[in-house]
Amino acid sequence: MLKALYNPARSKFTAALVIVLLGVTSVSQIANARPAPESFADLAEKLLPSVVNISTSQMVAERQGPDFQFPPGSPFEDLFKDFMDRNGQGGQGQGQTPQQRRATALGSGFIISADGYIVTNNHVIDGADEITVRLHDGDTLPAKLIGRDPKTDVALLKVEPEEDLPFVNWGDSDRSRIGDWAMAIGNPFGLGGTVTAGIISARNRDINQGPYDDFIQTDASINRGNSGGPLFNLDGDVIGINSAIYSPSGGSVGIGFAIPSAIAQSVVDQLKEYGRTRRGWLGVHIQTVTDDIADSVGLDKSTGAMVAGVSDDGPAKAAGIKQGDVILSFDGKEVESMRRLPRIVAETKIGKDVDVVIWRDGEKKTVQVELGELEEDVVATSAEPGEEQAPVAIAEAEIKPLGMKIANVDDELRRRYNLAEGTEGVIVTEVNRDSYAAEKGVRPGDIIIEASHSSVSSVEEVSDAVKKAMDDDKRTILMLIETSAGPRYFGLTLNKED
């Protein structure tokens, strides 16, 4: 299984997983291949001072007692409650009493400027109350989070050093080839300053964890705690950020993954300038062009990205792109496969007039699109207190007893979560990581179909169902939720403190 690389120590952090990609090599490149180095010592000595250890902490809920639950109305429900009460374990959550404790985690990072900018993984610092950086010489400094990007698992920190810090430069990961030497430095299992070496095993790996998957695979030994650490080439330049491993045991088996610098550098630059990412937006829902689809539309091979839907207010619709078109190239870059297009669009300058080559009605056509900006977060607004307004459906609401936010499905949410055109209902937009819902497996993007055996189609109906369950002194509410694996029933415990 794929495992995140940061060392959870006593933490219960949920780490994001990262991935990698596969390339080809020409005969001329083979002729120019570098010989194996006699030693990595000089390179390691030069680079070690620029790699840091990162420790984080946060308050998390810890439950006590066995995790037994029975469906509402079960004959075992009252017997179980009586047993727990007699043993002093009664209370919220059928015997589970949340306790607050401070959890810590360890990861790695690397300095990219003398004044203290540091790159790491988003999952290393996600949810942290405090972030501390330990330099190679043993000094520790508090770090400020400048910005983070969950979609690529990249985060940027800043420390305030008393003097200039040693730093490293970005390399060009696109020039890295399968078989090239690579060196990793990090903080595996809390053992800071650990150097390992290997080769680039593959490129262009994709395990469908995000829209911009385009990662490097290496057999350099990397383990838990290496997350956020750099992957170097023999020039001492950063070509990747170590992020995940494939391992059935939790230890290194020679399959590690790094975010390529070609993606990470542009993300870091945006985080530094804006505190967030600014990505291009085309406004289409796309799918893979299979052999059957290619044959049916008259293409001689399965290439490009097929437009399955077009946003009403997006740049694509304004440019005349239609459902059923196949996008073959974008801004002069060939779209070899569906998953190539999101990265090309994201990296294109916002507001640029772009030539898009499409396949329609058995022939190529070129349309020009003025690229928009992808809205990463949609903020809901409401009227000021006392202001009269016409009754409208609530767009988004926080259901505190369940530890989640929900919203009525609209065009923006269909686009954000890649939902099929015409999808209606109530979508989960956020889940508190310490909630019972998260523990049971509810995730953003899931669709709530029923609450307490009644169909729901709006935020108000879900809110009313939860309120009624609490008014009836229910401990749980039964929900039918459409997940990525299909519909499932969830018995969700109600946090009555909220």
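Summary of the structure given here. (Residues numbered from 1 in each chain as written. Predicted model: local features only at pLDDT ≥ 70, side-chain atom pairs only at ≥ 80, totals over all residues. Heavy atoms only, no water.)

1. Remarks on the pairing of strand β20 (residues 353-360)
Phase 1 of the analysis: Of all 8 residues making up β20, 6 are buried, and the element is well covered by its neighbours.
Phase 2 of the analysis: The pairing of strand β18 (residues 326-330) with β20 spans 4 bridges and is antiparallel. Looking at the pairing, S329 lines up with V357 of β20.
Phase 3 of the analysis: Sheet analysis places β20 next to strand β21 (residues 363-370), joined by 8 bridges and oriented antiparallel. By the bridge assignment, I358 is partnered in β21 with K365.
Phase 4 of the analysis: What sits between the antiparallel neighbours β20 and β21 is a turn of 2 residues, in which D361 has the positive phi angle 55°. (Buried < 20%, exposed > 50% of the residue type's maximum accessible area, 1.4 Å probe, protein only. Helix = DSSP H or I, 4+ residues; strand = E, 2+ residues; numbered from the N terminus. Pairing = 2+ DSSP bridges.)

2. Re the environment of H136
Phase 1 of the analysis: Locating H136 in the fold gives a position in the loop between β5 (130-134) and β6 (140-142).
Phase 2 of the analysis: Residues H136 and V52, 84 residues apart in the sequence, show an inter-C-alpha distance of 6.1 Å.

3. What about the environment of S458?
Phase 1 of the analysis: Inspection of the secondary structure assignment puts S458 in the loop between β27 (454-455) and α11 (459-471).
Phase 2 of the analysis: For S458, a relative accessible area of 16% gives the class buried.
Phase 3 of the analysis: When the C-alpha atoms of S458 and I448 are compared, they prove to be 9.4 Å apart, with 10 residues separating the residues in sequence.
Phase 4 of the analysis: Those residues in contact with S458, other than ones at most four positions away along the chain, are N408 and V426. (Contact = heavy atoms within 4.5 Å.)

4. Focus: the packing of aromatic side chains
Phase 1 of the analysis: What the rule picks out here adds up to 2 aromatic pairs.
Phase 2 of the analysis: Plain terms: the ring middles of F40 and W181 are 5.5 Å apart, the flat faces sit at 65° to each other, and that makes the pair edge-to-face. Of the two residues, F40 sits in the loop between α1 (27-31) and α2 (41-47) while W181 sits in strand β9 (residues 181-186), which places them 141 residues apart along the sequence.
Phase 3 of the analysis: With centroids separated by 5.7 Å and ring planes inclined at 80°, the aromatic side chains of F110 and W170 adopt a geometry described as edge-to-face. Here F110, found in strand β3 (residues 99-111), pairs with W170, found in the loop between β8 (154-158) and β9; they are 60 residues apart in sequence, far enough to count as distant. Of the two residues examined, F110 and W170, each falls in the buried class.
Phase 4 of the analysis: Residue placement shows K158 over the ring face of Y117; its charged tip is 5.4 Å from the ring centre.
Phase 5 of the analysis: Above the ring of Y117, the side-chain terminus of K272 is found at 4.5 Å from the ring centroid. (Phe/Tyr/Trp six-rings, centres within 6.5 Å; stacked < 30°, edge-to-face > 60°. Lys NZ or Arg CZ within 6 Å of the ring centre and 35° of its normal.)

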